Amino acid sequence: MKLFATAEDYTTYTNDDAPGNIDRLLRIASAWVQDTVKRARFAVTADGEPQDPRIVEALRDATCEQVYVWTQNGVEPGRSPERGAVTSSSIGDASISYETDSVVRDRNLIASAIAPTALTILDAAGLWEGHPWVQ
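What comes next concerns the included structure. (Residues numbered from 1 in each chain as written. Predicted model: local features only at pLDDT ≥ 70, side-chain atom pairs only at ≥ 80, totals over all residues. Heavy atoms only, no water.)

Looking at the pattern of salt bridges
Spelled out, the test is: When a carboxyl oxygen of Asp or Glu lies within 4 Å of a side-chain nitrogen of Lys or Arg, that pair is called a salt bridge. Counting from the N terminus, the helices are DSSP H or I runs at least four residues long and the strands are E runs at least two residues long. Only protein chains enter the accessibility calculation, which uses a 1.4 Å probe; a residue whose area is less than 20% of its type maximum is buried, one above 50% is exposed, and one in between is partly exposed.
Across all of its chains, the model carries 5 salt bridges by this definition. Residue Arg24 pairs with Glu76 through a salt bridge whose shortest N-O separation is 2.7 Å. Of the two residues, Arg24 sits in helix α2 (residues 22-36) while Glu76 sits in the loop between α3 (53-72) and β1 (86-89), which places them 52 residues apart along the sequence. For Arg24, a relative accessible area of 25% corresponds to the partly exposed category. The shortest N-O distance in the salt bridge between Asp52 and Arg54 comes to 2.7 Å. On the basis of relative accessibility, which here comes to 56%, the residue Arg54 falls in the exposed class.

Next comes the structure, spelled out in structure tokens:
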């Protein structure tokens, strides 16, 4: 499987520290980006790498954007909690509150679909939605 971004690329792209599970997230995001652009046409090297630096940049940035969306929303693909995170708790009379079902649904959607912002990056490079870039 091709990796389109590194942990260093992620920190440069987001100006944030990489999460502890960055290698796993980059592998998953790279696979999702690769699946998204599988019908796009572009010139590649003998090793199968894109020749055009703009294509390399778009694949890298879309991968980093996908990971950024996951980390900003506190989700990780393949790991869906049964209920939302605790939003408040009490000791007196033992009260606990969880995120609403709609928040949990939104997080599960984010963890199971490529981010619209990543698609925008790919679309701008002509790599998505039936508009392949052809040399």
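Some points on the packing of aromatic side chains
In plain terms, the rule: Between 30 and 60 degrees the pair is tilted, below 30 it is stacked and above 60 it is edge-to-face, where a pair is any two Phe, Tyr or Trp rings, Trp via its six-membered ring, whose centres lie within 6.5 Å.
This model, assessed by the stated rule, comprises 1 aromatic pair. Here the aromatic rings of Trp32 and Trp70 are separated by 5.1 Å at their centres, their planes lie at 85 degrees, and the arrangement is edge-to-face. Here Trp32 is found in helix α2, whereas its partner Trp70 is found in helix α3, with 38 residues between them in sequence.

Quick notes on the environment of Ala5
Our working definition: The contact criterion used is simple: two residues touch if any of their non-hydrogen atoms lie within 4.5 Å.
Residue placement: Ala5 occurs in the segment before α1 (7-14). Note on Ala5: relative accessible area 5%, which makes it buried. Considering only alpha carbons, one finds Ala5 and Arg27, 22 residues apart in sequence, at a separation of 8.7 Å. Apart from the residues within four sequence positions on either side, Ala5 is in contact with Leu26, Ser30, Arg60, Thr63 and Cys64.

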